[in-house]
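# Secondary and tertiary structure notes
Each chain, written out:
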Amino acid sequence: MAYVKVATTDEVEPGKPKLVEVNGRKVALFNLDGTFYAIDDFCTHRGAPLSEGEVMGKDVQCPWHGAMFDITTGAVSGPPADTGVDTFNVRVEGSDIEVEV
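What comes next concerns the included structure.

Here is what the cut-offs are and how they apply
- Residues numbered from 1 in each chain as written.
- Predicted model: local features only at pLDDT ≥ 70, side-chain atom pairs only at ≥ 80, totals over all residues.
- Heavy atoms only, no water.
- Helix = DSSP H or I, 4+ residues; strand = E, 2+ residues; numbered from the N terminus.
- Rg over C-alpha atoms; globule rule 2.2 N^0.38 Å.
- Contact = heavy atoms within 4.5 Å.
- Areas by Shrake-Rupley, 256 points an atom, 1.4 Å probe, with all protein chains shown as cover.
- Lys, Arg positive; Asp, Glu negative; His and termini not counted.
- Charge placed at Lys NZ, Arg CZ, Asp CG, Glu CD.
- Phe/Tyr/Trp six-rings, centres within 6.5 Å; stacked < 30°, edge-to-face > 60°.
- Lys NZ or Arg CZ within 6 Å of the ring centre and 35° of its normal.
- Salt bridge = Lys/Arg side-chain N within 4 Å of Asp/Glu carboxyl O.
- Pairing = 2+ DSSP bridges.
- Axes fitted to C-alpha atoms, helices over the stretch in contact; angles between N-to-C directions.

Time to look at the overall build of the protein. A tally of helices and strands in the protein yields zero helices and eleven strands. Traced from its N-terminal end to its C-terminal end, the protein shows the element sequence β-β-β-β-β-β-β-β-β-β-β. Its C-alpha atoms give the protein a radius of gyration of 12 Å, near enough to 13 Å, the size a compact globule of 101 residues would have. Within the protein, contacts between residues separated by at least 24 positions form 39% of all contacts whose residues are at least 6 apart in sequence. Total accessible area on the protein stands at roughly 5300 Å², and carbon and sulfur atoms take up 43% of it. The centroid of the 8 positive side-chain charges in the protein is displaced by 3 Å from the centroid of its 17 negative side-chain charges.

Taken as a whole and assessed by the stated rule, the structure comprises zero aromatic pairs. Over the ring of Tyr-3 we find Arg-91; its NZ or CZ atom is 4.0 Å from the centre of that ring.

Right, let's talk about the pattern of salt bridges for a bit. What the rule picks out here adds up to six salt bridges. Ionic pairing is found between Arg-25 and Asp-86, a salt bridge with its closest N-O pair at 2.9 Å. Of this pair, Arg-25 sits in strand β3 (residues 25-32) while Asp-86 sits in the loop between β8 (76-78) and β9 (87-88); the two residues are 61 residues apart in sequence, bridging distant segments of the chain. Across the salt bridge formed by Glu-93 and Arg-91, the nearest N and O atoms sit 3.8 Å from each other. One connected set of salt bridges, linked through shared partners, spans Arg-25, Asp-40 and Asp-86.

Let us look at the sheet that holds strand β11 (residues 96-100). Here we have three strands laid out as an open sheet, ordered β1-β11-β10, and antiparallel in their pairing. Edge strands, defined here as strands with exactly one partner in the open sheet, are β1 (3-8) and β10 (90-93). Averaged over all pairs of adjacent strands, the angle between their axes in this sheet comes to 35°, without regard to strand direction. Both β1 and β11 contribute to a ladder of five bridges, which runs antiparallel. Within β11, the position partnered with Val-4 by the bridge is Val-99.

So, in structure tokens, the structure goes:
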């Protein structure tokens, strides 16, 4: 596994998900109070893009059916999904955001 630059810190606004692609995989990138997190960009319920969801605290709400996922752990925090999403290690080097895949 290796870290790949996906964005810069000024490209990811707090509370607004950003879709990035890492080695062909769609990843939703989040800025929670200056700390960056990355999770798979699909809801495990029906495949909706979580990068189009609404951020509520440390959760993201699926735009299709309202399932909730903890951005920091990938765990389900509200139905109808019953399986969490993968998370990815994120590091910031200068102003570059890198995701490990």
